[in-house]
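Here's the letter readout for the chains.
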Amino acid sequence: MMKKILAILIAVLMLVPALALGESEKVVKIGVFEPASGDSGAGGKQETLGMQYANELQPTVEIGGETYRVELVYADNGSSADKAPSAAQQLVSAGVSVVLGSYGSGVSIAGSPYFADAGIPAIGVTCTNPQVTAGNTHYFRICFLDPFQGTVLANYAYSELGAKTAYCLAELGNDYDVGLCHYFQQAFEALGGTVISDTFPTGNSDFTSYLSNATAIGAEVFFCPVSIAYSTQIINQAAGQNVTYPIMGGDTLDSNVVVEAAKGTNVKLYISTFYQE
């Protein structure tokens, strides 16, 4: 991911207009629209570290024969569509020339109109929901989309894992979760499989009933493309129930935090990832 972020950051620095700060130093500001708190805080930290690393390697840029210092401006969107607008407005007020983020398609969608109104382009580093970039000319992406990701996961579950019945679980109202489950179900059923879909309310911490429901219907795969915070709880509780079906997730589960949760248990975990490696 860091190589992609570095490439994007350098490209952006060559294109965005510069902002002058004082008489001696010229600065170009890049907004970091990421969750530093909330359920996606761990994922937001991963992306932010990549941007900071890129900034360390490229602290200045030459524009029009002059040197400008690159300044990262941070705004915590709290992993919430409700908090995203204020974070977006914070970056607009700070005078950033471009925005990077966010981890979590839902918050990107919620913050998008404010960047559009201000004429500020935004680049989603790992946004996979089509609605982030659909129908606008200011939001861009460097990652695959969920129709593709969902289809790949469904094909793997059906063809490689031999699953014919899948249980899908998403956070209610979360654009990423609900969207990816939809594309997974669409592809899985097209292959001839059966899907039972369910949702849980925001803030839920007890997933035992959902895991039990999956067992009761004879699910051969448990698909839950949820946030890192929720997925670790699901894995821990699945281990407690000694479930036999594998747990699958999208790119949000590609985290060392999730891997650590599954370590030392009998839970089988399958995920998709956007890393070139």
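In what follows, the structure referred to is the one given above.
Here goes a summary of the coordinates provided.

Each value, and the rule that gives it
Residues numbered from 1 in each chain as written. Predicted model: local features only at pLDDT ≥ 70, side-chain atom pairs only at ≥ 80, totals over all residues. Heavy atoms only, no water. Helix = DSSP H or I, 4+ residues; strand = E, 2+ residues; numbered from the N terminus. Rg over C-alpha atoms; globule rule 2.2 N^0.38 Å. Areas by Shrake-Rupley, 256 points an atom, 1.4 Å probe, with all protein chains shown as cover. Lys, Arg positive; Asp, Glu negative; His and termini not counted. Charge placed at Lys NZ, Arg CZ, Asp CG, Glu CD. Core = buried A, V, L, I, M, F, W, Y, C linked by side-chain atoms within 4.5 Å. Buried < 20%, exposed > 50% of the residue type's maximum accessible area, 1.4 Å probe, protein only. Contact = heavy atoms within 4.5 Å. Phe/Tyr/Trp six-rings, centres within 6.5 Å; stacked < 30°, edge-to-face > 60°. Lys NZ or Arg CZ within 6 Å of the ring centre and 35° of its normal. Expected span 1.5 Å × (residues − 1). Bend = angle between axes of the 7 residues up to and from the residue.

1. Notes on the overall build of the chain
- Along the chain, the regular secondary structure elements total nine helices and twelve strands.
- For the chain, the C-alpha radius of gyration of 20 Å lies close to 19 Å, the compact-globule estimate for 277 residues.
- With the principal axes as the frame, the chain shows a C-alpha extent of 70 × 40 × 35 Å.
- Summed over all atoms, the accessible surface of the chain reaches about 12100 Å², with 53% contributed by carbon and sulfur.
- Taking the 11 positively charged and 25 negatively charged side chains of the chain as two groups, their mean positions are separated by 6 Å.

2. What about the nonpolar core?
- Ranked by size, the top nonpolar core spans 25 residues in total, and within it Leu169, Phe222, Ile234 and Ile247 carry the most contacts.
- Going through the elements one at a time, strand S8 (165–171), helix H7 (208–216), helix H8 (228–241) and helix H9 (256–262) are the ones with two or more residues in this core.
- Residue contributions to this core peak at five residues, all from H8.
- Not counting chain neighbours up to four residues away, the residues in contact with Phe222 comprise Tyr167, Leu169, Tyr210, Leu211, Ala214, Ile234, Tyr245, Pro246, Ile247 and Met248.
- Core analysis: the second largest hydrophobic core is formed by 18 residues, Ala154, Ala163, Phe184 and Val195 among them.

3. A word on the packing of aromatic side chains
- This model, assessed by the stated rule, comprises 13 aromatic pairs.
- Pairing Phe144 with Phe148 gives two aromatic rings, centres 6.1 Å apart and planes at 55°, and the pair type is tilted.
- When the ring of Tyr167 is compared with that of Phe222, the centres are 5.2 Å apart and the planes differ by 25°; the resulting orientation is stacked. With a gap of 55 residues between them, Tyr167 in strand S8 and Phe222 in strand S10 (residues 221–223) connect regions that are remote in the sequence.
- Accessibility expressed as a relative area gives 1% for Tyr167, which makes it buried.
- On the basis of relative accessibility, which here comes to 0%, the residue Phe222 falls in the buried class.
- Within the aromatic cluster, the residues linked to one another by ring pairs are Tyr158, Phe184, Phe188 and Phe223.
- In this structure, Lys164 is placed above the aromatic ring of Tyr158, and the distance from its NZ or CZ to the ring centre is 4.4 Å.

4. Regarding helix H4 (residues 105–118)
- The terminal C-alpha atoms of H4, which comprises 14 residues, lie 20 Å apart, in line with the 20 Å expected from a rise of 1.5 Å per residue.
- The sharpest bend along H4 comes to roughly 40°, located at Gly111, with the proline Pro113 sitting one to four residues further on.
- What H4 keeps buried is the set Ser105, Gly106, Val107, Ser108, Ala110, Gly111, Ser112 and Phe115.
- Considering only its buried residues, H4 is in contact with strand S2 (25–34), helix H3 (84–94), strand S5 (98–100), strand S6 (122–124), strand S7 (139–141) and helix H6 (175–190).
- Positive backbone phi, approximately 70°, marks Gly119, located one or two places after H4.

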